[in-house]
Amino acid sequence: MDMLNKLRSAVSSALPGNPLSKDFDVSNHIASGGPELSWKIYNAVKKTTKQEAAVFVFEKKLLEKYSKRDRELVLESLKKGVSQLTRLRHPKILSVLQPLEESREALAFATEPVFASLANVLGDYRNVPSPVPSELTEFKLFEVEIKHGVLQVTEGLGFLHKDAKMMHNGVCPSSIIINKYGTWKLAGFDFCITNVNQENQSTLFPCREWDPDHPPVTQPDLDYMAPEYCLTLSCSEASDMFSLGVLIYCIYNRGKPLYECHSQLSQFKKFTEELRKFRSSLLGSVPDSLQQYVKLLLNTEPTVRPDPSQLMKVDFFEDVGTVTLQFMDTLFQRDNLQKSEFFRGLPKIMKNLPKRVNQQRILPPLVKESVNADMVPFILPSLLLLADQASDTEYRNVIFPGLVPLLKIRDPIQVSLIFMRNMKLLLKRTPASEITNHILPMIHQSLEADNSQLQDMCLDIVPTFAGLIDFSALKKSILPRIKKICLSTNTLSVRINCLLCIGKLLEYMDKWSVLDDVLPLLPQIPSREPAVLMSILGIYQVTMSHAKLGITKDMLATKVLPFLIPLSIDSNLNLSQFTTYITTIKDMINKLETEHNAKLEQLDKMRQEQKAVEITKITGQDIKPTKAEEPKTMMDQFLSGYGVEQSITNNTQSPGPTRSSVSSAAANNSESKPNVSKALTLEEKQRLAQEQEQQRRFKEQKPLTVSTSKTSSTGNVTRSQPRDLTASLMSASTVGSPGMMGNQGMLGQNSLNSNVMQFSHSASNTSGFPNYSGGRTLGQTSGIRPTATTNTKHSFDLSGFDSLLPNSSQQKMSTNHMQGIQSQGSSHSTSNSSFNSMNNMMNQPIRPQTLSGPSRMPGQQGMMGTTGFMGQQGMMGGPGMMGNQGFMGQQNMARQPMMPTQLNMPMSSMNFSQSQGSSNIQNSNITSNDISDIFG
């Protein structure tokens, strides 16, 4: 836009040959003024001082329509008017900055900044730019502006009549200029008449008769001329008052005068005669309170018309707004006391005035008066009210430039206090860059001031506009200064306000700023007054309970609680304050407990899951936790609930295996359990991999099933015939032959009764047979003979051995019935003793862990075969009990030869009945191998 304005200025100044272009930067064409609106008005800026101005340009090409004589008259009239205007100096007369200069193309002079002429404002757009600027078309005069404008014109005429001893003789809308600040000023002195009498005599103004032969631009406008010019060929100061009356009527009549003569003298004379019969009804648009005075001004008798001083005292001009604007015009004439009293009530008046009037008529005088430091505290409220009324653009361009110098004032202190009270408004309207450059420095200086009243005010106000301050500025500039004041001040109210201010600022800060910058400050505060202590507690309470903030449990445990608990018992606190402290402390402890419990539960759950996953990956088995032994002492009972005893046990446990560890190792086929917390070597990893592969294969194998029958060619199922072990036993079992239980005795290499056999339960025995107390299992070298005193409460169900007997139609006695049969005669003592020993062994109880294995000793299809115990023959009917080799080894059952009489014991009473209806079970691999060795 600036570039466009400069381009327009260059074009406009080049075309008419503007003689002022060397001194002024002329921009856009804004209005027109003077006789017949002949002067074009441009905005301009003086090059040397950068002062705003207006340049009036008359283009000589407009003279082409006149004759040579008339051209000279026009130029002479225009030059006279500018020359007379330049000599006059009055607030109500347009001020000339650069006198008239002439070039071949134009006449030009410079004045104070101008908005437009009154004729333009009233709708006369002759010689204005096309299209008409919106500023002109949208401009509407307010009532207070009209009143004040008429007073200003009246005041200017009073100056001319009384002081300058001259009459204007051309009062009309085109000769009144409204400047940039809304002031109405007299111009157009082209037809002014000077007094010809001496100073001590009454004024005398020669009358110049209106000549129809002269161009209208060189003579006063007939529409505003007084009737005495025609009736008595005389004029006076009252003639200007008549023109003023017509001007007032024109303003209220939308720019149309009372009579329109159209530069015809005959029409003027006609209307002059009508004025003698003038009626008040013709003034219908003029306000009622002013009509009677306008009627007096339009009277054909000059002596009846009021003079300027009388008109200014009319009640119509005594309203508050007009008086206020009048006072602003005469502000420089008042003393400080009058000014201070006026400025105190000015904000109330401004609220009832239009915004444009405030900005144009009140703001400029206030800005000029702000150079008086004593008046700034009285001016500042009005300036801030203007800032509140203005738009953002108006604030940046018009209001804020006037506030910038005031932001740097520190004396008197009331200036800073007023700014602090209105800081929210300033931060809301001021651009961010200007806040950093001008407003924040003022806040910093207020916080650092030596006046405690200013500090209290600043600390009380800062939280109200904290949301409008950038977070970095709040954290790096304002908060450090508040902390410094809190620690260094000796005034209790200031320290309390510092803490309260910090507490109110917490919600505008982030969590880590509070934890790092605010909370460490609290233990450093030197005083312990109740208000200080409660303010400290309030900061902790807000921090803990605010959703965005919060105190970590580590800080609660290590910093906050150790600090607050001693404060809670401070002697300065009363009961209610102590209760508040204790309640807050309990809340903190509950929060600490909740958070830490949740953390430990989560960690424990994760640790167990991780351990189970790692062990499963290594061993392929899920490890079930073993139940710890109950603590025996009170200390053990206390420590057992917290994992201390387990830690001590793990650290002091000897490497040697216990009985349970040995049993567990046996139950898992001597598998070594790797320590998951210890790094495994390559060899250990290879071994674990092999074990996992072996276990996988075992799991994939189908359960072993014994085929007990085969289908004949006819489709009948026939039972396989067991081997006849009795014949082999009869042929091989002579005196000195191997005994009853075979090579190894019943369960080992030595004889069965070499030791007293005792059963021991082990949950890790995978073969299905009971182990012995000697710690050796099946196949080891030390067999132990069972005795009748060992676990005789239970007996084996031996019906499964009946299937070992051959099929026969003869009723056989079951094996269970044979348990009670005693041999006849004393000669069979050795055999009976051996047989009873075997029966006693069979009567030993089998614990559930043993019976629950894959191969059970009694039941289903028999202990070691498909059909019977050891074959088809009777148990003692052949040469030996169990065949060629005895039961399970080479040596005899009782370590002595079996007598022939013993072999001749009746077998009819010892036949085993075949087990009927027993179900098949899954035998372990070890048991199946043993049966294969015995029976082939």
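Please read these numbers as outputs of a predicted model, since none were measured by experiment.

Novice: Can you help me understand the overall build of the chain in this one?
Specialist: Each helix and strand in the chain was counted, giving 35 helices and 16 strands. The 936 residues of the chain split such that 46% are buried. Partitioning the intrachain contacts of the chain with sequence separation of at least 6 by distance along the chain shows that 70% fall at a separation of at least 24. Of the accessible surface of the chain, which amounts to about 48,400 Å², a share of 51% is contributed by carbon and sulfur atoms.

Novice: Where do I start with the sheet that holds strand β8 (residues 176-179) in this structure?
Specialist: Sheet strands pair via backbone hydrogen bonds, and the direction of the pair is either parallel or antiparallel. The strand order across the open sheet formed by three strands is β6-β8-β9, and the pairing between neighbours is antiparallel. Edge positions in the sheet fall to β6 (114-117) and β9 (184-186), since each of these pairs with one other strand and no more. When strand polarity is set aside, the average angle formed by the axes of neighbouring strands in this sheet is 35 degrees. Bridging between β8 and β9 involves three bridges; their strand directions are antiparallel. Residue pairing for β9: I178 is matched across the bridge by W184.

Novice: Would you explain helix α21 (residues 492-505) in this entry?
Specialist: Every α-helix winds through 3.6 residues per turn, so residues three or four apart in the chain are directed the same way. Helix length check: α21 (14 residues) gives 20 Å between terminal C-alpha atoms against 20 Å at 1.5 Å per residue, within 8%. Here α21 has its buried residues at V494, R495, I496, C498, L499, C501, I502 and L505. Turning to α21, the residues buried within the fold contact α19 (452-461), α20 (471-488), α22 (511-518) and α23 (530-545).

Novice: Sorry, what's going on with the packing of α23 against helix α24 (residues 553-568) here?
Specialist: Helix-helix packing is characterised by the crossing angle of the two axes and by the distance between the axes. For the pair α23 and α24, the least separation of the axes is 12 Å and the interaxial angle reads 150 degrees. In this view, α23 runs roughly antiparallel relative to α24, as classed from their interaxial angle. α24 is crossed by α23, and the crossing has left-handed handedness. Of α24, the residues touching α23 (which contributes L533, I536, L537 and Y540) are V560, F563, L564 and L567. Among the residues forming the contact of α23 with α24, the class breakdown is eight nonpolar, no polar and no charged.

Novice: Just checking my understanding: could you explain the packing of α20 against α22 for this structure?
Specialist: Across the interface, α20 lies against α22 with an axial gap of 12 Å and an inter-helix angle of 20 degrees. Accordingly, the angle class assigned to the pair α20 and α22 is roughly parallel. Two packed elements cross with a definite hand, and for α20 against α22 that hand is right-handed. Seen from α20, the contacting residues are F471, K475, L479 and K483; seen from α22, they are S513, D517 and V518.

Novice: Help me understand the state of the cysteines in this model?
Specialist: One covalent bond between the sulfur atoms of two cysteine residues makes up a disulfide. Under the definition given, this model contains zero disulfides. Of all cysteine sulfurs in the structure, the one in C207 sits closest to C230, which takes part in no disulfide; the separation is 10.0 Å. When its relative accessible area of 22% is taken as the criterion, C230 is described as partly exposed. Between C235, a free cysteine, and C207, which holds the nearest cysteine sulfur, the sulfur-to-sulfur gap is 4.6 Å.

Novice: Could you clarify how one ought to interpret the confidence of the model for the chain in this entry?
Specialist: Low pLDDT means the predicted coordinates in that region are not meant to be read closely. The predicted model of the chain has a mean per-residue pLDDT of 74, with 66% of residues at 70 or higher. In the model, residues 7-15 has pLDDT below 50 throughout and makes eleven contacts with residues more than four positions away in sequence or in other chains. Below pLDDT 50 for its whole length, residues 729-801 participates in 225 contacts with residues either more than four positions away or in separate chains.

Novice: What should I look at first to understand unusual backbone geometry in this one?
Specialist: Note: most peptide bonds trans; most residues except glycine with negative phi. Along the chain, S130 connects to P131 via a cis peptide bond; the corresponding omega equals 0 degrees. Structurally, P131 is set in the loop between α3 (118-121) and α4 (134-137). Note the cis peptide between D411 and P412, where omega equals 5 degrees. Among the structural elements, P412 can be located in the loop between α15 (392-403) and α16 (414-421). You will see that N169, though not glycine, has its phi angle at about 65 degrees, which is positive. Following the sequence through the fold, N169 ends up in the loop between β7 (166-167) and β8. Classification of N169 by relative accessible area gives buried; the value is 11%. Of note in this structure, R254 is not a glycine but carries a positive phi near 60 degrees. Among the secondary structure elements, R254 is positioned in the loop between α7 (237-252) and α8 (265-275).

Novice: Even after reading the chapter, I still don't get the side chain of H161, so can you show me in this structure?
Specialist: If you trace the backbone, H161 turns up in helix α5 (residues 143-163). Given a relative accessible area of 8%, H161 falls into the buried group. Engagement of the side chain of H161 in a polar contact is seen with the side chain of D240, the distance being 2.9 Å. H161 has contacts with M166, M167, E237, D240 and P308, leaving out every residue within four places of it along the chain.

Novice: Honestly, the sheet that holds strand β2 (residues 39-46) in this entry has me stumped. Any pointers?
Specialist: The strand order across the open sheet built from five strands is β1-β2-β3-β5-β4, with neighbouring strands paired in antiparallel fashion. Two strands lie at the open edges of the sheet, namely β1 (24-33) and β4 (96-102), each paired on one side alone. Taking the axes of each pair of neighbouring strands and ignoring which way they run, one obtains an average angle of 25 degrees across the sheet. Along the sheet, helix α2 (residues 68-87) contacts β2, β3 (52-59), β4 and β5 (106-111); its crossing angle with β4, the most-contacted strand, is approximately 155 degrees.

Novice: How should I be thinking about the environment of L94 in this particular structure?
Specialist: As for its position among the elements, L94 is in the loop between α2 and β4. Accessibility expressed as a relative area gives 1% for L94, which makes it buried.

Novice: Please clarify how the pattern of salt bridges should be interpreted in this entry.
Specialist: When their charged atoms lie close together, side chains carrying opposite charge are able to pair. The tally for this structure, following the rule as stated, stands at 25 salt bridges. Residue D124 pairs with R126 through a salt bridge whose shortest N-O separation is 2.9 Å. Its relative accessible area of 25% is what places D124 among the partly exposed residues. The exposure class of R126 is partly exposed, given its relative accessible area of 41%.

What counts, and at which threshold
- Residues numbered from 1 in each chain as written.
- Predicted model: local features only at pLDDT ≥ 70, side-chain atom pairs only at ≥ 80, totals over all residues.
- Heavy atoms only, no water.
- Helix = DSSP H or I, 4+ residues; strand = E, 2+ residues; numbered from the N terminus.
- Buried < 20%, exposed > 50% of the residue type's maximum accessible area, 1.4 Å probe, protein only.
- Contact = heavy atoms within 4.5 Å.
- Areas by Shrake-Rupley, 256 points an atom, 1.4 Å probe, with all protein chains shown as cover.
- Pairing = 2+ DSSP bridges.
- Axes fitted to C-alpha atoms, helices over the stretch in contact; angles between N-to-C directions.
- Expected span 1.5 Å × (residues − 1).
- Parallel < 35°, antiparallel > 145°, perpendicular 65-115°, else oblique.
- Left-handed = near helix turned anticlockwise from the far one by under 90°.
- Nonpolar A, V, L, I, M, F, W, Y, C, P; charged D, E, K, R; others polar.
- Disulfide = S-S within 2.5 Å.
- pLDDT = per-residue confidence, 0-100.
- Polar contact = N/O pair within 3.5 Å; in protein donor to acceptor, adjacent residues only side chain to side chain.
- Salt bridge = Lys/Arg side-chain N within 4 Å of Asp/Glu carboxyl O.

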